[in-house]
Amino acid sequence: MKINKICCIGAGYVGGPTMAVIAKMNPNIQVTIVDINQERIDAWNDDDVSKLPVYEPGLPEIVKETRGKNLHFSTEIDKAIDEAEMVFISVNTPTKTYGKGKGMAADLKYVELCARNIADVAKTDKIVVEKSTLPVRTAHAIKSILDNIGGEVKFDILSNPEFLAEGTAIQDLLKPDRVLIGGESKEAIEALASIYGSWVPQDQILRTNVWSSELSKLTANAFLAQRISSINAISELCEHTEANVSEVARAIGMDSRIGPKFLNASIGFGGSCFQKDILNLVYIARSYGLNEVADYWEQVIILNDHQKRRFSDKLITTLYNTVSGKKIAMLGWAFKKDTNDTRESAAIYVADHLLSEQASIAVYDPKVPKAKVYADLNYLNTRLEKENEELVEVFNNPYEAIKDAHAIAIMTEWDEFKSYDWNKIYNLMKKPAFIFDGRRLLDKNSIEKIGFKYFTIGQ
Ligand SMILES: NC(=O)c1ccc[n+]([C@@H]2O[C@H](COP(=O)([O-])OP(=O)(O)OC[C@H]3O[C@@H](n4cnc5c(N)ncnc54)[C@H](O)[C@@H]3O)[C@@H](O)[C@H]2O)c1
Ligand SMILES: O=c1ccn([C@@H]2O[C@H](COP(=O)(O)OP(=O)(O)O[C@H]3O[C@H](CO)[C@@H](O)[C@H](O)[C@H]3O)[C@@H](O)[C@H]2O)c(=O)[nH]1
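Remember, it's a predicted structure, so these values are computed and weren't measured experimentally.

A. How the structure looks around a nonpolar patch on the surface. Together, Tyr288, Leu290 and Val293 give the surface a local cluster of nonpolar side chains, amounting to about 290 Å² of exposed area. Mapped onto the fold, valine 293 is located in helix α12 (residues 291-318). Its relative accessible area of 41% is what places valine 293 among the partly exposed residues.

B. Layout of the site of ligand 2. Surrounding ligand 2, one finds 21 residues, the nearest of these being Phe163, Leu164, Ser266, Cys273 and Arg439. Taking glutamate 162, its main chain carries an N or O atom lying 3.3 Å from an oxygen atom of ligand 2. Separating an oxygen atom of ligand 2 from a backbone N or O atom of phenylalanine 163 is a distance of 2.7 Å. Coverage of ligand 2 by the protein chains reaches 92% of its 690 Å² of free accessible surface. For the shell around ligand 2, the secondary structure elements donating two or more residues are α9 (210-241) and α11 (274-287). Top contributing element to the shell around ligand 2 by residue count: α9, with four residues. Class assignment for the residues of the shell around ligand 2 results in eleven nonpolar, four polar and six charged.

C. Main features of the environment of alanine 329. Residue placement: alanine 329 occurs in strand β9 (residues 327-331). Expressed as a C-alpha distance, the spacing of alanine 329 and alanine 401, which sit 72 residues apart in the sequence, is 6.0 Å. Discounting chain neighbours no more than four positions away, the residues touching alanine 329 are Ala362, Ala401, Ile402, Ala405, Ala407, Ile408 and Ala409.

D. Structural view of the site of ligand 1. For ligand 1, the set of nearby residues contains 26 residues, the closest of which are Asp35, Arg40, Thr93, Glu166 and Lys276. Here an oxygen atom of ligand 1 sits 2.6 Å away from a polar atom, N or O, in the side chain of threonine 93. Contact with the protein chains removes 93% of the 830 Å² of surface that ligand 1 exposes when unbound. Residues belonging to the shell around ligand 1 are distributed by class as follows: ten nonpolar, nine polar and seven charged. Two domains share the shell around ligand 1, each providing at least three of its residues, namely domain 1 (5-208) and domain 2 (218-301).

The rules behind the values
Residues numbered from 1 in each chain as written. Chains lettered and ligands numbered in written order. Predicted model: local features only at pLDDT ≥ 70, side-chain atom pairs only at ≥ 80, totals over all residues. Heavy atoms only, no water. Patch = residues over 30% accessible without salt bridge, like charges linked within 9 Å, V, L, I, M, F, W, Y side chains within 5 Å. Areas by Shrake-Rupley, 256 points an atom, 1.4 Å probe, with all protein chains shown as cover. Salt bridge = Lys/Arg side-chain N within 4 Å of Asp/Glu carboxyl O. Helix = DSSP H or I, 4+ residues; strand = E, 2+ residues; numbered from the N terminus. Buried < 20%, exposed > 50% of the residue type's maximum accessible area, 1.4 Å probe, protein only. Near = heavy atom within 4 Å. Polar contact = N/O pair within 3.5 Å; in protein donor to acceptor, adjacent residues only side chain to side chain. Nonpolar A, V, L, I, M, F, W, Y, C, P; charged D, E, K, R; others polar. Contact = heavy atoms within 4.5 Å. Domains from an automatic or database assignment.

In short, the description is geometric, and any link to function would need to be established separately.
Rendered as structure tokens:
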């Protein structure tokens with residue numbers, strides 16, 4: 001089956017980059033990304049590609065190359081669905097904030113709305129591709145909606161989870177470790193495989209049943225996050241034993257069975273996926289009565305929350321047990337470098353804790369706008385919006401953020417932080433000048449030589 005037109009519902013961190021790469025690698029396929037959010041679509045269509053709603057190295061170049069040729073951004077959802085032979089669902093699936101499964105299960109209302117929309121609009125057969133991360137057995141629900149509303153039209157459902165990481169999305173998409181396609185219809189699977197086949201070697205395109213594909217995505221994230229919680233657990237032990245977590249990580253990472261990647265001790269993992277997907281896994285396990293399985297994975301989250309909390313506790317105790325009225329400069333607000341995404345960023349929780357201790361916070365992040373910082377804090381509902389505005393200031397210049405600060409907290413591993421003039425920074429700060437490095441970014445010896453009191457994770 002030859003695909004000429006693709007529609008992708010959801011112009012977010014996954015839909016945007018993924019479809020841009022598919023369009024670049026398949027110039028004969030017309031790709032339309034649709035979204036209900038007009039502002040987001042307008043930003044994707046902005047002539048100035050530095051204003052795209054997703055900051056991702058390499059993305060502006062690809063959008064510039066393909067947009068208006070075979071890549072289109074639109075809010076005309078029905079039209080794009082109607083015209084396409086293949087429809088990707090790439091909408092958000094956040095943790096539920098209400099009702100049954102609140103705080104644990106994935107909220108599938110946006111996915112269901114997409115399925116209903118497709119069923120209402122479709123006049124010709126369609127392949128529907130789950131690109132969103134979904135609980136195992138969701139394809140069953142989507143199929144049921146499509147078949148019950150969609151009349152005579154035939155729908156094939158595929159699961160095609162996305163494994164890109166933000167900040168490296170374009171490289172991850174151009175050179176994926178694997179592409180995973182789960183489905184029943186061989187014809188539909190091969191139609192999607194041939195799209196990826198334009199640039200991904202066939203032996204890296206895995207074909208599985210739908211349920212394995214859905215569950216593999218949750219499992220991959222659980223394993224990745226588990227590695228971070230494992231090394232973070234060891235980082236706390238290092239701090240009590242004079243072991244150095246980097247040395248331990250290097251030593252264990254050279255065991256080829258363990259491997260060197262994803263062993264950076266940190267302030268705790270953030271991002272929109274790890275916590276949400278593990279909570280979802282825990283919820284699913286519990287719903288089958290598998291309490292030991294659920295408890296095992298839940299510990300990954302418990303440890304991650306502990307890691308964030310103990311970082312802010314350490315800062316407070318070191319600052320003579322009070323941060324009330326003290327200025328803490330936070331370098332970085334994004335959940336990792338090279339992205340403007342702040343979802344579940346550790347910075348939000350550390351700031352919230354420090355604010356509850358009456359600190360005043362000065363934030364600098366190279367890519368996160370001021371409004372986002374306030375929105376993230378207000379979303380927690382810990383205090384009045386007015387109070388957040390009074391206690392938090394967001395700067396465009398790191399040196400201004402740091403001026404007269406009692407302490408710096410490094411929250412994101414942006415490369416530019418390493419090249420700052422740390423002598424100048426020392427002179428700008430109140431003394432003793434403290435640095436709490438949540439990313440193990442700076443060189444302890446040279447920083448201490450300047451005169452800073454330096455604390456980092458796992459050392
Ligand atoms: N962000 C990542 O790095 C990443 C990586 C792999 C997988 N995923 C998964 O991909 C999915 C999407 O994640 P994201 O980060 O791109 O989310 P996102 O919030 O950035 O984007 C989702 C978009 O979908 C739109 N949308 C919601 N309902 C809609 C509807 N009914 N019709 C049209 N548009 C609608 C929203 O307006 C939003 O722009 C999630 O399931 C996530 O778990 C994310
Ligand atoms: O050794 C490490 C590696 C990562 N992190 C932190 O972990 C979080 C997540 O990082 P990363 O996994 O690189 O970014 P994500 O964009 O969240 O990507 C993850 O989540 C995506 C969404 O499901 C998956 O597609 C990706 O494969 C998976 O890596 C960030 O806060 C990182 O700072 C660490 O603390 N130590």
